[in-house]
2 protein chains.
Amino acid sequence: MPGEFDLIARHFTRPARRAVLGVGDDCALLVPAPGMQLAVSCDMLVEGRHFLATVAPERLGHKALAVNLSDLAACGAEPLVYTLALALPRADEAFLAGFAQGLHALADAQGIELVGGDTTAGPLNICITVIGQVPSGQALLRSGARAGDEIWVSGQLGDARLALEVFRGRVALPGAEFEAVRRAMEQPQPRVALGRSLRGIASSAIDLSDGLVGDLGHVLQRSGIGARIDVDALPRSTVLVAQPAALQHECLLAGGDDYELLFTAPAARHADVLQAARHAGVAVTRCGAIEAAAGLRIVDAQGRPVPQRFRGFDHFAA
Amino acid sequence: MPGEFDLIARHFTRPARRAVLGVGDDCALLVPAPGMQLAVSCDMLVEGRHFLATVAPERLGHKALAVNLSDLAACGAEPLVYTLALALPRADEAFLAGFAQGLHALADAQGIELVGGDTTAGPLNICITVIGQVPSGQALLRSGARAGDEIWVSGQLGDARLALEVFRGRVALPGAEFEAVRRAMEQPQPRVALGRSLRGIASSAIDLSDGLVGDLGHVLQRSGIGARIDVDALPRSTVLVAQPAALQHECLLAGGDDYELLFTAPAARHADVLQAARHAGVAVTRCGAIEAAAGLRIVDAQGRPVPQRFRGFDHFAA
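Rules of the game
Residues numbered from 1 in each chain as written. Chains lettered and ligands numbered in written order. Predicted model: local features only at pLDDT ≥ 70, side-chain atom pairs only at ≥ 80, totals over all residues. Least-squares fit on C-alpha atoms with pLDDT ≥ 70 in both. Contact = placed C-beta atoms within 7 Å. Buried ≥ 20, exposed ≤ 12 C-beta atoms within 10 Å, placed from the backbone. Helix = DSSP H or I, 4+ residues; strand = E, 2+ residues; numbered from the N terminus. Domains from an automatic or database assignment. Nonpolar A, V, L, I, M, F, W, Y, C, P; charged D, E, K, R; others polar. Pairing = 2+ DSSP bridges. pLDDT = per-residue confidence, 0-100. Core = buried A, V, L, I, M, F, W, Y, C linked by C-beta atoms within 7 Å. Axes fitted to C-alpha atoms, helices over the stretch in contact; angles between N-to-C directions. Left-handed = near helix turned anticlockwise from the far one by under 90°. Parallel < 35°, antiparallel > 145°, perpendicular 65-115°, else oblique.

> Got a minute to help me understand the relation of the copies chain A and chain B in this structure?
Once chain A has been moved 0.0 Å along the axis and rotated by 180°, it coincides with chain B to within an RMSD of 0.0 Å. Such a combination of turn and shift is consistent with a two-fold rotation axis. Most of the interface of chain A is mirrored in chain B: 100% of its interface residues are interface residues there too.

> Sorry if this is basic, but what is going on with helix H9 (residues 245–254) of chain B here?
Turn by turn, an α-helix covers 3.6 residues, leaving residues three or four places apart pointing in a common direction. Residue and element names in this part refer to chain B. Counting buried positions over the 10 residues of H9 gives seven, a clear majority of the element. Every buried residue of H9 is listed here: Gln248, His249, Glu250, Cys251, Leu252, Leu253 and Ala254. Buried positions along H9 lie against helix H4 (159–167), helix H7 (212–223), helix H8 (238–241) and strand E11 (295–299). At the exit of H9 stands Gly256, carrying a positive phi of roughly 80°.

> Help me understand the domain arrangement of chain A in this model?
One frequently used descriptor of interface size is the decrease in accessible area upon assembly of the parts. All names here are of chain A. Each assigned domain of chain A is listed here: domain 1 (4–135) and domain 2 (150–299). Placing a centre on the C-alpha atoms of domain 1 and another on those of domain 2 gives a separation of 25 Å. Of the residues lining the interface, 18 residues belong to domain 1; the matching set on domain 2 comes to 19 residues. Secondary-structure elements contributing two or more residues to the side of domain 1 that touches domain 2 are helix H2 (57–75) and strand E3 (78–88). By residue number, the principal contributor to the side of domain 1 that touches domain 2 is H2, which donates 12 residues. Residues of the side of domain 1 that touches domain 2, tallied by class, amount to 10 nonpolar, four polar and four charged.

> I'm lost on the interface of chain A and chain B in this one. Help?
Contact with chain A, which involves 53 residues of that partner, is made by 53 residues of chain B. Those elements that provide at least two residues to the side of chain A that touches chain B are strand E1 (28–30), strand E2 (36–46), H2, E3, strand E4 (113–121), strand E5 (125–135) and strand E7 (204–207) of chain A. The residue inventory of the side of chain A that touches chain B, partitioned by class, reads 30 nonpolar, 13 polar and 10 charged. Here E1 of chain A runs beside strand E2 (residues 36–46) of chain B; their pairing, made up of three bridges, is antiparallel. Within the sheet, the bridge partner assigned to Ala28 of chain A lies in E2 of chain B and is Val40 of chain B.

> Any chance you could explain the confidence of the model for chain A here in plain terms?
Low pLDDT means the predicted atomic positions in that stretch should not be read closely. Mean pLDDT for chain A: 89, with 90% of residues reaching 70 or above. Scored below 50 in pLDDT, residues 312–318 of chain A makes 22 contacts in the model with residues more than four places away or belonging to other chains.

> Teacher, can you tell me more about the nonpolar core here?
Across soluble globular proteins, nonpolar side chains show a tendency to be buried alongside one another. By size, the foremost hydrophobic cluster in this structure holds 190 residues, and its most contacted members are Ala39 of chain A together with Ala39 of chain B. Excluding residues that lie within four positions of it along the chain, Ala39 of chain A makes contacts with Leu72, Cys75, Ala77, Gly132, Gln133, Val134 and Ala139 of chain A together with Cys27 and Leu29 of chain B.

> Help me understand the environment of Leu247 of chain B, please; the structure alone is not making it clear to me.
Position of Leu247 of chain B among the secondary structure elements: in helix H9. Overall, Leu247 of chain B belongs to the partly exposed group, with 16 C-beta atoms counted inside 10 Å.

> Please explain unusual backbone geometry as it appears in this structure.
For residues that are not glycine, phi is negative in most cases, and the peptide bond is trans in most cases. Residues and elements named next belong to chain B. Even without being a glycine, Asp257 presents a positive backbone phi close to 65°. With respect to the helices and strands, Asp257 occurs in the loop between H9 and strand E9 (261–265). Accessibility expressed as a C-beta count within 10 Å gives 23 for Asp257, which makes it buried. Positioned with a positive phi, Tyr259 is a non-glycine residue whose angle comes to about 55°. Following the sequence through the fold, Tyr259 ends up in the loop between H9 and E9. Residue Tyr259 is classed as buried on the basis of its C-beta count, with 26 C-beta atoms lying within 10 Å.

> Would you take a moment to explain the sheet that holds strand E10 (residues 284–291) of chain B for this structure?
In a beta sheet, neighbouring strands are held together by backbone hydrogen bonds and run either parallel or antiparallel to one another. All names here are of chain B. Pairing is mixed in the open sheet, where six strands are placed in the order E7-E9-E6-E10-E8-E11. Where the open sheet ends on each side, the last strands, each with one partner, are strand E7 (204–207) and E11. Taking each pair of neighbouring strands and ignoring which way they run, the sheet shows an average axis angle of 25°. Note: strand E8 (residues 226–230) against E11, five bridges, orientation parallel.

> Please clarify how the packing of helix H4 (residues 159–167) of chain A against helix H5 (residues 175–186) of chain A should be interpreted in this entry.
Two measures define how a pair of helices packs: the angle their axes make with one another and the distance between the axes. Residue and element names in this part refer to chain A. It is the contact of H4 with H5, at a shortest axis distance of 7 Å, that shows an interaxial angle of 115°. As for how H4 packs across H5, the hand of that crossing is left-handed. Counted together, Asp159, Ala160, Leu162, Ala163, Leu164 and Val166 of H4 and Phe178, Val181, Arg182, Ala184 and Met185 of H5 form the full contact between these two elements. By residue class, the composition of the contact of H4 with H5 is nine nonpolar, no polar and two charged.

> Quick question: what am I supposed to make of the packing of H2 of chain A against helix H3 (residues 93–110) of chain A here?
Residue and element names in this part refer to chain A. Closest axis-to-axis distance for the H2/H3 pair is 6 Å, and the angle between their directions is 40°. Judged by the inter-axis angle, H2 sits oblique to H3. Two packed elements cross with a definite hand, and for H2 against H3 that hand is right-handed. Here H2 contributes Pro57, Glu58, Arg59, Leu60, Gly61, His62, Ala64, Leu65, Ala66 and Leu69 to the contact with H3, which in turn contributes Phe95, Gly98, Phe99, Ala100, Gln101, Gly102, Leu103, Ala105, Leu106, Ala107 and Gln110. Residues that form the contact of H2 with H3 fall into these classes: 13 nonpolar, six polar and two charged.

> Mind showing me how you'd approach the environment of Ser209 of chain A here?
All names here are of chain A. Along the polypeptide, Ser209 turns up in the loop between E7 and helix H7 (212–223). Taking the C-alpha atoms as reference points, Ser209 and Val40, separated by 169 residues in sequence, lie 17 Å from one another. With sequence-adjacent residues up to four places away left out, Ser209 is seen in contact with Val67, Ser70, Asp215, Gly256, Asp257 and Tyr259.

> Sorry, what's going on with the sheet that holds strand E3 (residues 78–88) of chain B here?
Ordered by their spatial adjacency, five strands build an open sheet running E1(A)-E2(B)-E5(B)-E3(B)-E4(B), and the pairing between neighbours is mixed. Both outer strands of the open sheet, E1 of chain A together with strand E4 (113–121) of chain B, are each paired with one neighbouring strand and no more. Across the sheet, the axes of successive neighbouring strands diverge by a mean angle of 20°, strand direction being ignored. Sheet analysis places E3 of chain B next to E4 of chain B, joined by eight bridges and oriented parallel. Opposite Val81 of chain B, over in E4 of chain B, you have Glu113 of chain B as the bridge partner. Sitting on the sheet, helix H2 (residues 57–75) of chain B is in contact with E2, E3 and strand E5 (125–135) of chain B, with an inclination near 25° to E5 of chain B.

See below:
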């Protein structure tokens, strides 16, 4: 069984391109570009909370980096480098090879690199910190939404939650449909290009990790305003749309693990939003509006209130 | 029981001073100073591997940050900000309050701040990523040691390992002596000021986290040279010096968890090293020399070889 240093070297050491100095010293060294602010975010993934034991290592490697890149996307930042800390129950070569493959594939697709980290024995735990850059003053924040802004979401919502309900035994799906929603859960696509395209257009943004109601709640709180969401306008897959309305609403509004962007923009920038989305190659859908009155109102296409008891996903709730 | 967001807000949200934007958005935002390189490092701490269940939460908070700052110290970098990801078996208010107190006390002493992170349920795991800065080209690296350089260490070595042997039941110590070595294990002092003072003087540096033999081995490997260490010259406490020679050697050479700096400097800079150490308020001791011949030779004060079978601490070794 190879030791810690061998394992790190074999699977995670690659030539530094963006960093002055990459893996292998006490610290990595980076040279920030002039006029840029650094954007930093950190996410920890724990088995049973953020992924299931059944996930393929390649997909887990992808997801661990994707959920971090999603935070940079929500700020409109360009990803640069990341660190990885990994606790593993044992030095499992096959797991590490697959994990590293999924991780590096996404990193390469985004043009970013691993610059440091740590590996230790312990219950499986994956902690990634990403560092990106954004032109000074142009970061998309949660605090910029204003009354009258349109509310948009990228991609489709709810499939990851639907897949979770299949794993929980609450929902049954045919094989191909299950595989489609399972992929949404296990291989989310961080909307980095969209986030960058929305700089100067969106007034606020957040990534949907804990469910729309909870995440939009953060925007409303930090922006000091309220909102109306048209649940019938929320974009969903053909798999989800075949489910009962109550389950659809649960998956769309309180699903979690979507890793799509929710953002706001002035109504006057509607065409600019659509152009930015085309440029990024991502579908976006208008699904509501920011309102001056505090609180979140969920309505249907006819404007009737939709009863909802959803709140943000709390990692310590029972 | 308060929820995740309440817990984070209560214990970890503090006003941003160094960051443009701190905790509470998708990313933190920093403005790097002109002419500086960023230094980034990441360490993960797992119960039973990096700390014992008996540690006070205050000391654990201190140690989790200290071991990361020690990496910045070894690069001669000035710490700026850090992220914290925390997996907790349950939302334990008393633990969090103590942990945050120890963490913030060290952060305040170093003038740095928490800019982001993540909290989740899971087996106890602490992952911190630190970001610092160093003038371009002045970082202390592992690769700069040259034949003829003197080898130095800061502080005293081996007490943390001696404390571990007490916990393991292999060594018995009177209460006051145990408390002294236990403090070395649980509250290491990162040598940040010393690292910065050594810029332009030291030819290489590393922090001693896995034991002198293993960590010096990284320097020798990356610098492509060998070394001689005088084990009798290694600085040790009055507690350790009272132990049998074999145990002393084990603690000094393969102890781990010292978090002192090991560094090299040209013999011509001997006086400059001593002045830098005085300036930083840290004792340093010359304990060997870099030699052209590959390999590490451990000798006593009379130059006789000391048998040793130590290697670096491997987190996956049995």
